[in-house]
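Below are the chains, spelled out letter by letter.
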Amino acid sequence: MTALRNAGRLGVGEGYARTARIAALGLGLALFASGCSGGGSDSSAEETSGSGNETEAAASILSCPESQGGTGEDPGAKGDPAAVPASTGTTETPLKIGTLLPTTGSLAYLGPPEIAGTNLAVKEINEAGGVLGKPIEIVHRDSGDTTTDIATQSVNDLLSQDVSAIVGAASSGVSKTVIGNITGAGVIQFSPANTSPDFSTWDDNGLYWRTAPSDVMQGRTLGNYIVTCGAQTVGMIVLNDAYGTGLQGNIKESVEAAGGQVVIEEMFNEGDSQFSSQVDSVVAAKPDAIVVISFDQSKSIVPLLTAKGVDPGQLFFVDGNASDYSKDFEAGTLEGAQGTRPGSFPSEDFLASLLAVDPDLTDLTYAGESYDAVTLLALAAEAAGSTDSKAMAAELEGLSKDGEKCFDFAGCVTLLRGGGDVDYDGYSGPVSFDENGDPTEAFIGIYQYDADNKPQPSRSEAGQL
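Overview of the structure. All residue numbers here refer to positions counted from 1 along the written sequence of the relevant chain. In keeping with the model being predicted, local features are shown solely for residues with a pLDDT of at least 70 and side-chain atom pairs are shown and tallied solely at 80 or more, while totals for entire chains, interfaces and linings include all residues. Water and hydrogen atoms play no part in the side-chain values, which are based on all heavy atoms of the structure.

Re the overall build of the chain
Only runs of H or I of at least four residues qualify as helices and only runs of E of at least two qualify as strands under DSSP, and these elements are numbered from the N terminus. A count of helices and strands for the chain gives 14 helices and 15 strands. Buried positions account for 58% of the 465 residues belonging to the chain. Sequence-distant contacts, at least 24 apart, represent 72% of the contacts inside the chain between residues at least 6 apart. For accessible areas, the Shrake-Rupley method is used with a probe of radius 1.4 Å. Any residue's cover is judged against the shown protein chains and nothing else. Carbon and sulfur atoms make up 47% of the accessible area of the chain, which amounts to about 16,800 Å² in all. The cut-offs for exposure are 20% and 50% of the maximum accessible area for each residue type, with area from a 1.4 Å probe on protein chains only; residues under the lower value are buried, those over the upper are exposed, and the others partly exposed. For this analysis, residues touch if any pair of their heavy atoms sits within 4.5 Å.

Structure below.
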């Protein structure tokens, strides 16, 4: 079994140091220094007066840090599946994992990379001999979104099949509707994409875990970055749910702490299809930067903003909508816009492995987090010597820190079966869970849109909470 040690490792692993500039992200420490803007509010008003297009003039003060590019690297060398020793334990009940990931609804674009990540992990685990001497099984079910009851139906179906864990949901709002059903049944819920801070203190019997960091980190990274770009005033269009309001609060806090001002916050609800009033109000406020916190509603919001003369360089997105719009907008529509996504940039090897599982993948958002969730669950069952959910949950924190570093199931399970102590670092980052099931170390990738409306890696920030 993997035991916790008294001393905790809080640094970022050496395998990641080459892919991101390390920035200490304490709860009260800004990631970026403020003071990079080009003058005070009075000078901004002078620049925009009489221009005939205030929003384009406002965009001219934004000067973001130069792109550093972003080719990801594997966290380390993988183990050899053929060299994995036989399991020292056995189980009458093979490990069965369910997934609750979106194939319909406003987050459906996240389903393919997340499902591919879980399938890749299962493939590699079974190539290494499985868990406790038996192949593992995965059962996929749709989560839908908060406008439907699909998630509840899917969870009931998965629980009836005696799964040990459910990977999902992607949406924080959806997870809130089913977390009681899952953890109340004594089953692990492990989300690769939930970012609402609310889950850090949720009464979940120690059974809720996630590989995506809380929006405390993403929100503060983005807020500080916007001020670094020179924005003194910020407007926001926000999805009114747990995900949207969590990001909204942390972005606002960091903008104001860095000396900026959030001048307008317009809300909308899941299921809304008209956004003209929100766009009109935000544009009328003439902010230097506009943050759109949404899912696929941005496909309707962006054209309204650009039709009002908003320069794409003023626009900032988040993980829910920082996706590929090459098939949705005319070329150049989003050129210069930016967005954040938790997680490290994918390596060429990981990309190739994912495409071997799903050749049609066009987006990789949360693929690494999904792969890591399944791999950690398999290691937890092996460490516990059991596929019992509570026994597995008791191993997860210890597997994520303080031991010998390893980077995939084959390498880690070889250590475990040899009596070693494991510190799993994966494709999502160094993980390092706290007692609440939250990763305490993470990367936030900043992406910039090219002329084809595709987000390209620009820079990666690493930090701790």
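Concerning the packing of helix α9 (residues 276-284) against helix α10 (residues 298-307)
Axis definition: a line fitted to C-alpha atoms, limited for helices to the stretch in contact. Angles are taken between N-to-C directions and run from 0 to 180 degrees. Interaxial distance between α9 and α10 falls to 10 Å at its minimum, and their mutual angle equals 40 degrees. The angle between α9 and α10 falls in the class oblique. Where α9 crosses over α10, the handedness of that crossing is right-handed. Residue-level contacts link Ser-276, Val-279 and Val-283 of α9 to Ile-301, Leu-304 and Leu-305 of α10. By residue class, the composition of the contact of α9 with α10 is five nonpolar, one polar and no charged. By the definition adopted for this analysis, an angle is roughly parallel if under 35 degrees, roughly antiparallel if over 145, roughly perpendicular if from 65 to 115, and oblique otherwise. Each crossing gets its hand from how the near helix is turned against the far one by less than a right angle, where anticlockwise is left-handed and clockwise is right-handed. Side-chain classes follow a simple rule in which Ala, Val, Leu, Ile, Met, Phe, Trp, Tyr, Cys and Pro form the nonpolar group, Asp, Glu, Lys and Arg form the charged group, and the remainder, Gly included, forms the polar group.

Describing the pairing of strand β5 (residues 188-191)
Covered by surrounding structure in β5 are Ile-188 and Phe-190 together with Gln-189 and Ser-191, the residues of both alternating faces. Alignment of strand β4 (residues 165-168) against β5, held across three bridges, turns out to be parallel. Residue pairing across strands places Ile-166 opposite Gln-189, the latter belonging to β5. Seen with its strands pointing away from the viewer, a crossover is right-handed if its path from the first strand over the helix to the second goes clockwise. The β-α-β motif built from β4, the intervening helix α6 (residues 172-184) and the parallel element β5 has right-handed crossover chirality. In this scheme, strands are said to pair when DSSP sees at least two bridges between them. Pairing between β5 and strand β6 (residues 208-210): three bridges, direction parallel.

Here we look at the pattern of salt bridges
Counted as salt bridges are all cases of a side-chain nitrogen of Lys or Arg within 4 Å of a carboxyl oxygen of Asp or Glu. Overall, the coordinates contain 15 salt bridges when judged by the stated rule. With its nearest N and O atoms 3.5 Å apart, the salt bridge here joins Asp-423 to Lys-405. Taken together, the positions of Asp-423 in strand β13 (residues 422-424) and Lys-405 in strand β12 (residues 404-406) put the pair 18 residues apart, joining distant regions of the chain. One salt bridge connects Asp-425 with Lys-405, and the closest N-O pair in it is separated by 2.8 Å.

With respect to the nonpolar core
Buried residues of nine kinds, namely Ala, Val, Leu, Ile, Met, Phe, Trp, Tyr and Cys, make up a nonpolar core once their side-chain atoms join them within 4.5 Å. Of all hydrophobic cores here, the largest spans 52 residues; its most connected members are Val-291, Ile-293, Leu-305, Phe-316, Phe-317 and Leu-334. Ignoring anything within four residues of it in the chain, the contact list for Ile-293 reads Met-236, Ile-237, Val-238, Leu-239, Tyr-243, Gly-244, Leu-247, Gln-248, Ile-251, Phe-268, Val-318 and Asn-321. Phe-350, Ala-367, Leu-377 and Leu-415 belong to the second largest nonpolar core, which has 49 residues in total.

Some remarks on the environment of Glu-441
The topology assignment puts Glu-441 in strand β14 (residues 441-449). Spatially, the C-alpha atoms of Glu-441 and Gln-464 are 4.5 Å apart, while their sequence positions differ by 23 residues. Pairs of N or O atoms are called polar contacts if they sit within 3.5 Å, as long as, within protein, a hydrogen donor faces a hydrogen acceptor (for residues adjacent in sequence, only side-chain-to-side-chain pairs). A polar contact of 2.7 Å, which involves the side chain of Glu-441, links it to the side chain of Ser-432.

Description of unusual backbone geometry
The omega torsion of the bond from Gly-168 to Ala-169 falls at -5 degrees, within 30 degrees of zero and hence cis. For Lys-286, which is not a glycine, the phi torsion comes out positive at approximately 55 degrees. Along the chain, Lys-286 turns up in the loop between α9 and β9 (289-293). One non-glycine residue with positive phi stands out, namely Asp-402, at about 75 degrees. As for its placement among the helices and strands, Asp-402 is situated in the loop between α13 (389-399) and β12.

Quick word on the state of the cysteines
Note that a disulfide, as used here, is simply two cysteine sulfur atoms within 2.5 Å. Per the counting criterion, the structure on display carries two disulfides. Counting only the cysteines that form disulfides, in the order they appear in the chain, gives the pairing 1-2, 3-4.

Structural notes on the environment of Leu-364
Within the secondary structure, Leu-364 sits in the loop between α11 (348-357) and α12 (367-384). Residues Leu-364 and Ser-323, 41 residues apart in the sequence, show an inter-C-alpha distance of 9.3 Å. Apart from residues lying up to four places away in sequence, Leu-364 is in contact with Pro-113, Pro-346, Leu-351 and Leu-354.

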